[in-house]
Amino acid sequence: MSYPQAPWTLKGYAIQTLQLIDIDRSRPFIPKELDIIAVWPGKTLGGVYVSSYGLGSVLEYNELIVVAGVVNYSGKIGVWVSHIYVDNSDSVAGGREIWGLPKELAEFTWVKGEQSNVTIRQGNRQLCSLTYSQPSFGLPIPLSSPVLSSLGTDLLLFKGEVESRLGLINSKLVVPAESPFSSLNLGQPWLSVYCDDLRLVAGAPQVVGNRSVDFSRVR
């Protein structure tokens, strides 16, 4: 496989949802060395991020990221990505070998309109479907999202730096029972955001700790 070294610059658009997830449901997907942060009694914050990266990106591809919770390791706070799917094999290799992200291949079908939809599948299995409205306005807002991940026995920390016009939207997420992340019971988003004119920079990771077990082998 041929992929660029970090950092990766990706340009396009995305939809981000936020959901409260039961910590008991998140725990099986997150290494025991990491503390899950409760944002509400018994619940952490997670959601899905669906994006399409096009011209101006180091690689062009679609992506689905599932965040199982917000975590803490020795005072370093970030989100934990439990599942991630793309439709570019070079992105799979780079994601796994640079950042330790559990990328898999999947197919993405986008239908645009007043009520747009994106469906993600692996062969005959549907992973999820997201229906969303178009934003009525967008505000240019920079964001930074730290991510903790696991590569072999190393715990990694890296940042995703985002520049985008953000607009609130309505969305409906459907996760079938056969989906690998259905047990998270994501439910309907309490907040959904459309990211237009997106520029995401995925920074190089740093080793922040070690694991006694290679978590990537037991996911």
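Refer to the structure presented above.
Overview of the structure. Please read these numbers as outputs of a predicted model, since none were measured by experiment.

Quick word on the overall build of the chain
Counting its regular elements, the chain contains 2 helices and 14 strands. The C-alpha radius of gyration computed for the chain amounts to 16 Å, which stays within 12% of the reference 17 Å derived for 219 residues, consistent with globular compactness. Overall, the chain is about 50 × 40 × 40 Å in size when its C-alpha atoms are taken along their principal axes. Burial analysis of the chain (219 residues in total) assigns 52% to the buried set. Sequence-distant contacts, at least 24 apart, represent 66% of the contacts inside the chain between residues at least 6 apart. Across the chain, the mean location of the 18 positive side-chain charges is 4 Å away from that of the 19 negative side-chain charges.

A word on the sheet that holds strand β12 (residues 171–174)
Read from one edge to the other, the open sheet built from 4 strands follows the order β7-β8-β9-β12, with strand pairing classed as antiparallel. Of all the strands in the sheet, the pair left with one neighbour each is β7 (107–111) and β12. Strand-to-strand, the axes of this sheet are offset by a mean angle of 10 degrees, without reference to chain direction. Pairing of strand β9 (residues 125–133) with β12 involves 4 bridges; the strand directions are antiparallel. The residue of β12 that forms the bridge with Tyr132 is Ser171.

What counts, and where the lines are drawn
- Residues numbered from 1 in each chain as written.
- Predicted model: local features only at pLDDT ≥ 70, side-chain atom pairs only at ≥ 80, totals over all residues.
- Heavy atoms only, no water.
- Helix = DSSP H or I, 4+ residues; strand = E, 2+ residues; numbered from the N terminus.
- Rg over C-alpha atoms; globule rule 2.2 N^0.38 Å.
- Buried < 20%, exposed > 50% of the residue type's maximum accessible area, 1.4 Å probe, protein only.
- Contact = heavy atoms within 4.5 Å.
- Lys, Arg positive; Asp, Glu negative; His and termini not counted.
- Charge placed at Lys NZ, Arg CZ, Asp CG, Glu CD.
- Pairing = 2+ DSSP bridges.
- Axes fitted to C-alpha atoms, helices over the stretch in contact; angles between N-to-C directions.

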